[in-house]
There are 6 protein chains.
Amino acid sequence: MKNITPSIQKVLDKFLDEDIGRGDLSLINTEDKFVNAHWISKQNAIFCGGLFIEYIFLKLNASTKVKLKKTDGETLTAGEKILELTGPVASLLSGERTALNLSMHLSGIATATKKMVSYLEGTEIKLADTRKTTPGLRVFEKYAFRCGGGINHRMGLDDAAMLKENHIAWGQSITQSVEELRQNIPWTAKIIVEAETPQQAKEAVQAGADGVLLDEMNPEKISILVPQLREIASIKNKKVIIEASGINPNNIKKYLSTGIDLISSSAAITKSPWIDFSMRFNSPEQDLL
Amino acid sequence: MKNITPSIQKVLDKFLDEDIGRGDLSLINTEDKFVNAHWISKQNAIFCGGLFIEYIFLKLNASTKVKLKKTDGETLTAGEKILELTGPVASLLSGERTALNLSMHLSGIATATKKMVSYLEGTEIKLADTRKTTPGLRVFEKYAFRCGGGINHRMGLDDAAMLKENHIAWGQSITQSVEELRQNIPWTAKIIVEAETPQQAKEAVQAGADGVLLDEMNPEKISILVPQLREIASIKNKKVIIEASGINPNNIKKYLSTGIDLISSSAAITKSPWIDFSMRFNSPEQDLL
Amino acid sequence: MKNITPSIQKVLDKFLDEDIGRGDLSLINTEDKFVNAHWISKQNAIFCGGLFIEYIFLKLNASTKVKLKKTDGETLTAGEKILELTGPVASLLSGERTALNLSMHLSGIATATKKMVSYLEGTEIKLADTRKTTPGLRVFEKYAFRCGGGINHRMGLDDAAMLKENHIAWGQSITQSVEELRQNIPWTAKIIVEAETPQQAKEAVQAGADGVLLDEMNPEKISILVPQLREIASIKNKKVIIEASGINPNNIKKYLSTGIDLISSSAAITKSPWIDFSMRFNSPEQDLL
Amino acid sequence: MKNITPSIQKVLDKFLDEDIGRGDLSLINTEDKFVNAHWISKQNAIFCGGLFIEYIFLKLNASTKVKLKKTDGETLTAGEKILELTGPVASLLSGERTALNLSMHLSGIATATKKMVSYLEGTEIKLADTRKTTPGLRVFEKYAFRCGGGINHRMGLDDAAMLKENHIAWGQSITQSVEELRQNIPWTAKIIVEAETPQQAKEAVQAGADGVLLDEMNPEKISILVPQLREIASIKNKKVIIEASGINPNNIKKYLSTGIDLISSSAAITKSPWIDFSMRFNSPEQDLL
Amino acid sequence: MKNITPSIQKVLDKFLDEDIGRGDLSLINTEDKFVNAHWISKQNAIFCGGLFIEYIFLKLNASTKVKLKKTDGETLTAGEKILELTGPVASLLSGERTALNLSMHLSGIATATKKMVSYLEGTEIKLADTRKTTPGLRVFEKYAFRCGGGINHRMGLDDAAMLKENHIAWGQSITQSVEELRQNIPWTAKIIVEAETPQQAKEAVQAGADGVLLDEMNPEKISILVPQLREIASIKNKKVIIEASGINPNNIKKYLSTGIDLISSSAAITKSPWIDFSMRFNSPEQDLL
Amino acid sequence: MKNITPSIQKVLDKFLDEDIGRGDLSLINTEDKFVNAHWISKQNAIFCGGLFIEYIFLKLNASTKVKLKKTDGETLTAGEKILELTGPVASLLSGERTALNLSMHLSGIATATKKMVSYLEGTEIKLADTRKTTPGLRVFEKYAFRCGGGINHRMGLDDAAMLKENHIAWGQSITQSVEELRQNIPWTAKIIVEAETPQQAKEAVQAGADGVLLDEMNPEKISILVPQLREIASIKNKKVIIEASGINPNNIKKYLSTGIDLISSSAAITKSPWIDFSMRFNSPEQDLL
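Worth saying up front: this structure is predicted, and the values here are computed from it rather than measured.

Caption draft 1: Representation of the interface of chain F and chain E. At the interface, 66 residues of chain F touch 66 residues of chain E. Taken together, the two surfaces of chain F and chain E that pack against each other cover about 5700 Å², and 58% of this comes from carbon and sulfur. A salt bridge links E:Asp276 to F:Lys132, with the shortest nitrogen-to-oxygen separation between them at 3.8 Å. Across the contact surface, chain F and chain E share 24 residue pairs in polar contact (both at pLDDT 80 or more). The dominant element in the side of chain F that touches chain E, judged by the number of residues it contributes, is helix α3 (residues 89-118) of chain F, at 9 residues. Of the residues assigned to the side of chain F that touches chain E, the class counts are 25 nonpolar, 21 polar and 20 charged.

Next comes the structure, spelled out in structure tokens:
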């Protein structure tokens, strides 16, 4: 998502409508005048959301100017200036909360992701997100996860097939299911199998899965399993991506040498607090600088 | 929000579309069969989101049955069953993540709200939310806040007028602004002034504001100010709602005897982790019970 | 509503689509040329709708120029010029009817409101609208009511709570209902009770309602009741807004000294004829001026 | 419009959303109980809107029952019952205003149309509406006009071509324009020319227009012109529809013998007051009947 | 459709969203740079779609420039340049497929239409399309049909009434049906009857239909029938449009002297292959020219 | 796409709205009666579209019954019955064209796909579609392609990354680009490179692409290249999917033994004529059977 596509534009419009409702009651007469304002971060953080801020303010008034001091993914120090704004005070006030809410939330995710990614430094292991995202916000939250240094897992039910416990419990065998999927899904789509047991993982790789997710297995079990899976894949002349879940800052160290490719974790999206930013109007003195 | 209005229905549809995209790739042949499933909470929590779950699953298949074991606002103990589902396995799988994501997020908010509200027990002070809500989710998150025992602040820029630091900095005096607003906004809308100083607070009450928000003032200052504000209001034969912000579990005790009416806090919405729920298909044995 | 918010923009787009349908059939070859046009009022009126006209014509062709001679709320004399337009004749013709229909309807409301408001001159009583508005047009019609000098009542079911005859007939007592509402609605939302009898009005004020609507009571009854209600409120150290309905130009004089704060009336919105405007292309001679 | 098409359903949903907004605040605990209600007309009128009422209430709660006592176009006497409703009191209250507003407005139009149509009794002349309709309401208002006995003019810019003063002023001759249109528009679409002068009318018929609108011509002029136009058409072996505008109850008699086919008039839509209906909950006694 | 109306804009936005989905994954770092590109036709064709291309690319990036070398309806020779583009390479790549797909499809229709129209040269007979159009594409495909020299039949069920075999089988007689329709539909709407037999055709004209469609009748039968229909119409002082269907390039010659006005055929829309265009980035050398 | 998701439902609603517009004018009084109808195929074909037909007719009237005689992907013989319908004649007539247009178009695609797939019988090669799909119809057309026995290529720009000539011309080397993509796209997304030359194909596989598209290479060149690519992949312990384009029924035989995995071809979607179906009302005699 490097462009703000028409569908994103429409979502941002709805975000504004949600806050403004039938019209901002607090506007008063003096608010047509042009003023300068800026945003400050109150915390150390990884910034995210700049991509959307300009669109939000310009939608309310096309003559507004937004000048980003930070690009998405950059580090913010407490007290640092994030951006500068010039525009009619009424538009700045009506868009303020929507723009802040979005970027404070996304920066919270980027910041938490960066923290978790830092534990993986020096390894080849990547951090992936999950489909646990706030309804309506998926492309935004997954973008924030990328800004924090993570890599995205599938974006929805439609861009990769994933057999999970619930599929396996009621469906056919893993082997049959993988084969059936391969006949039906786009050839560009990967097949991943969530394995509860080493046996399931081996069956999945044998059946030709592109990836296996070792669900909440302990590091010892994984260390033994990974070379076995690589061996099966190798015989089939394939590469398999091995992913593990159930990992958090407390237990992550033990997984670093298990040979896995990926750690998938929803925490940066489902458990991270927002970063605190505030918008301030420049005092006349500041405007002279 | 006791009904699922047409606009909420449309939003829930979009939540489903976001996850399903161009179609759920993981569905396999056996997934037309009807199965029983249930949801379990993995944590102690206040439940929220039940209001929307039935709609979500029925939208995918009208023959699905959802039976809630808990209503919104009720307590969940780790391991407790939240609801039971019967329907085609394909529909249950396609709706699972959307329904879970929404209610796990909302239950996180309700749970955090309840915790914060508990500090206020034995007092007349209420806990109010703010406009810091995830874009696109406001009616849902404010509903969760109510389920946790909080009371909503204004829902948007259009249902109450609030003069904030940014308005005051560039506008007219508080007195002029309050008067101007009173001439222009619906008579049913209240006017609240965010005061940085006791002097501003007094001017606001004198000007006839319905409420004042004492922004990050210390409890000592507030204790002195509150009776002064009540006195000014009383002379005008009015009631003023006095609200304070900048309060958290660490400092809340000091505010309990200041005489304020409301504490407004965004933390339950912007800083609460999701509660962990999972959906499980009943094993054949469970189905026999 | 000082800005044209994204949601208003979308509604105006739909207004255009409604008239243009699958494309304006009447356009002919010469209609790409730029021309000048203007609008004339055929009647004395209060103008309303200028806020939306520029958006409508620019949506069809961004190079069109609209120059308003009157702002919303100003007086128009029959024959007076309202605005000037320059743009491709095709765009002017395709947008003409939509722009005229909207502003002729809104000016009708503003004009009728102004008339009714004039009866209140010299008093402190304000004229308020109701929720009787044409479906789909509420923000527009309530804006026109403001342009005519009225003040808005609540904008919808969601920004103030109002207990009406129908609620009271089937619900609990007024006292119970007001208390229950107070626990559940945003603290920023006012509670109004529609009272059919003096007894109901007193109970409502006693219960803490922010306003009472005296529904179609005669002026004598109201004159006695108002001081009683003020007294009850005063004891509770509160201010109550007293509103009366069922008032029209024929009986309004008798209400002017009853002590009420507000008259609410739907007539300016539900009974006012449109004001007649017409768009005319400048003749070559006019263009030389 | 005998069916409620998907697009009408969507518009009705938006009407509900407009009034309910973020949720009906006035609902109280007792409002889940099922009750009976009915609608009464306070005036003599032609009823219109019944087609939409059931959809509106069922959208809020599918278990609601609506039983119409009158079909659209039927006469209502003051005090007469329009319909009966059974459903959860909360749904009835939330949908009440939207359903009433729509049908009160439409019944106003149907009633005014019927009145105007009555002047034409005993003649072959029909009453047609215009494109002066409230933005967003065209299919509804034109339906109401039909219910009152009128006939619709074109529904939009796209289903018939109409050359008007503004086209003619800046375009080519009427003859050239009619020919050019004939080459470009669907063959199923008629061409109508609005004529300011008898000469324009004759040129239009000569050029093959399907209809001419004699714009605000006096009855004497029209009486002379009509046979001339019929003669020109007859030579071309065509039928031309002759329409006149600028006619109102005061001058209509003089037009009845002019030989015209149609009178087009916007007044029933742009100048008619709403008819007053009210919804009342049945008292327990009424429910026993 | 000479303007891109708001509703067309919204449809074009959705076309882009359909292809881009959650974001174009293939974009790489260098793709912010501005480049020049052009479109080439690989086949001889009638061009169509230029009207929409500029909008599509500008929606993705407002700084893009599109310079059409051909206007809709013009002839393209294989190898000929259609248009030139300058813009950020990322936007050109993200919009490429949508813009090409639309214009390749529409040019296919225009080309096939032109071919079929060429058989009618030297006659007064016109080629009309039908309602067999790809769902969602009607205004586009009917526009392409016009660009190919055809004339549109009705655009939908709402802008002309057409009695077809299925209506007649279950309804009343043709005469009754035509009369009933005349009382109910807008006076601007024509009535067409699809006749399976000469008898039905005669009844239709006698009843006052504006057009008759002779459905798959052979040329001999039509040659006899046409003068009979003209005679009936003439007696009624009316003109009737006579349309025939079931005609294709193989049998068309025999119909040219039957006296019909119109041939309606869906083939150009339902059976025409796309024309092959391709977008190429200019090499540095080309950019120097 | 085994379910009709909310977004598909919305698209089908729009298809109906497109045809019905402001209301079906052709409906007459007798059309409320319930009738039986059926669909017949006039040609041999592969059926497609049944999945959507029931939804379309039920949206217009929920009491309609649709009984499919064929499921999507099954063979139809000319004259064979496709489905039976019972419902109010008005609803059947209003939905007829939309339902037929969609399934006639999709059956055309399924039929053409099946034909092309038949050339591949006895080989391991699969037929894949492309992103050349009619705007707005992608999920439908790709579904039809699957029903004809083909396999889908990527669904949009967002579910697999594909480096094409245009990327390579202006971007970095293939190697750099593939690496950069791998760092940025979801790990579940495959990377495909469109190669114009054997050298590009080898570089792509060496760089780790998941697939290469050999663009319009002749079979001799491909036969030499395929084992080389397999060898490079094998050294990297990977599997590469080798796809060829520019293949049609005339030249396909020569490609069957080249060792490729996939043939991608847009022809079944961009060049296939619709299959002719018709809806007929049962005669009273038929209803007795």
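Caption draft 2: Just the pairing of strand β1 (residues 34-41) of chain A, in detail. Residues and elements named next belong to chain A. For β1, the buried fraction is high: 6 of the 8 residues fall into the buried class. Pairing analysis gives 5 bridges linking β1 to strand β12 (residues 277-281), with the strands arranged antiparallel. Each bridged residue has a counterpart across the sheet, and for Ser41 the counterpart in β12 is Phe277.

Caption draft 3: Highlighting the relation of the copies chain F and chain E. Of the transformation placing chain F onto chain E, the axial shift is 0.0 Å and the rotation is 180°, giving an RMSD of 0.0 Å. Taken together, the turn and the small shift mark the pair as related by a two-fold rotation axis. Relative to the rotation axis, the closest C-alpha in chain F is found at F:Gly136, a distance of 3.4 Å. A symmetric contact is evident, with 100% of the interface residues of chain F recurring at the interface of chain E.

Caption draft 4: Structural context of the environment of C:Ser7. Secondary-structure assignment places C:Ser7 in helix α1 (residues 6-20). Judged by its relative accessible area of 24%, C:Ser7 falls in the partly exposed class. Sequence separation between C:Ser7 and C:Ala90 is 83 residues; the distance between their C-alpha atoms is 26 Å. Once residues within four sequence positions are removed from consideration, C:Ser7 is found in contact with A:Asp17 and A:Gly21.

Caption draft 5: Representation of the environment of B:Ile174 in the model. All names here are of chain B. As for its placement among the helices and strands, Ile174 is situated in helix α6 (residues 174-184). Using a relative accessible area of 4% as the deciding quantity, one classes Ile174 as buried. Counting along the chain gives 26 residues from Ile174 to Gln200, while the straight-line C-alpha distance between them is 7.5 Å. With residues up to four places along the chain from it excluded, the contact list for Ile174 reads Ile168, Val193, Gln200, Glu203 and Ala204.

Caption draft 6: Spatial organisation of the sheet that holds strand β10 (residues 241-244) of chain F. Residue and element names in this part refer to chain F. One open sheet holds the 6 strands; their spatial order is β6-β11-β10-β9-β8-β7, and the pairing between them is parallel. Of all strands in the sheet, those with a lone pairing partner are β6 (126-128) and β7 (161-163), marking the two edges. Neighbouring strand axes in the sheet, compared pairwise and without regard to direction, differ in orientation by 25° on average. Bridge count between strand β8 (residues 191-195) and strand β9 (residues 211-214): 4 bridges; the pairing is parallel. Each residue of the ladder has a partner; that of Ile192, found in β9, is Gly211.

Caption draft 7: Helix α4 (residues 138-147) of chain D, seen in detail. Summarising burial for α4(D): 9 of the 10 residues are buried, a large majority. Taken residue by residue, α4(D) has D:Arg138, D:Val139, D:Phe140, D:Glu141, D:Lys142, D:Tyr143, D:Ala144, D:Phe145 and D:Cys147 as its buried positions.

Caption draft 8: Region of the structure containing the pattern of salt bridges. By the definition in use, this model includes 78 salt bridges over all chains. In this structure, B:Asp210 and B:Lys238 form a salt bridge, with 2.9 Å as the shortest nitrogen-oxygen distance. Remark: B:Lys238 occurs in the loop between α8 (219-235) and β10 (241-244) and B:Asp210 occurs in the loop between α7 (198-207) and β9 (211-214); sequence separation between them is 28 residues. By relative accessible area, which is 12% here, B:Lys238 ends up buried. In this structure, F:Glu84 engages F:Lys81 in a salt bridge whose closest nitrogen and oxygen atoms are separated by 3.1 Å. Judged by its relative accessible area of 25%, F:Glu84 falls in the partly exposed class.

How each quantity is defined
- Residues numbered from 1 in each chain as written.
- Chains lettered and ligands numbered in written order.
- Predicted model: local features only at pLDDT ≥ 70, side-chain atom pairs only at ≥ 80, totals over all residues.
- Heavy atoms only, no water.
- Contact = heavy atoms within 4.5 Å.
- Buried area = accessible area lost by both parts, 1.4 Å probe.
- Salt bridge = Lys/Arg side-chain N within 4 Å of Asp/Glu carboxyl O.
- Polar contact = N/O pair within 3.5 Å; in protein donor to acceptor, adjacent residues only side chain to side chain.
- Helix = DSSP H or I, 4+ residues; strand = E, 2+ residues; numbered from the N terminus.
- Nonpolar A, V, L, I, M, F, W, Y, C, P; charged D, E, K, R; others polar.
- Buried < 20%, exposed > 50% of the residue type's maximum accessible area, 1.4 Å probe, protein only.
- Pairing = 2+ DSSP bridges.
- Least-squares fit on C-alpha atoms with pLDDT ≥ 70 in both.
- Axes fitted to C-alpha atoms, helices over the stretch in contact; angles between N-to-C directions.

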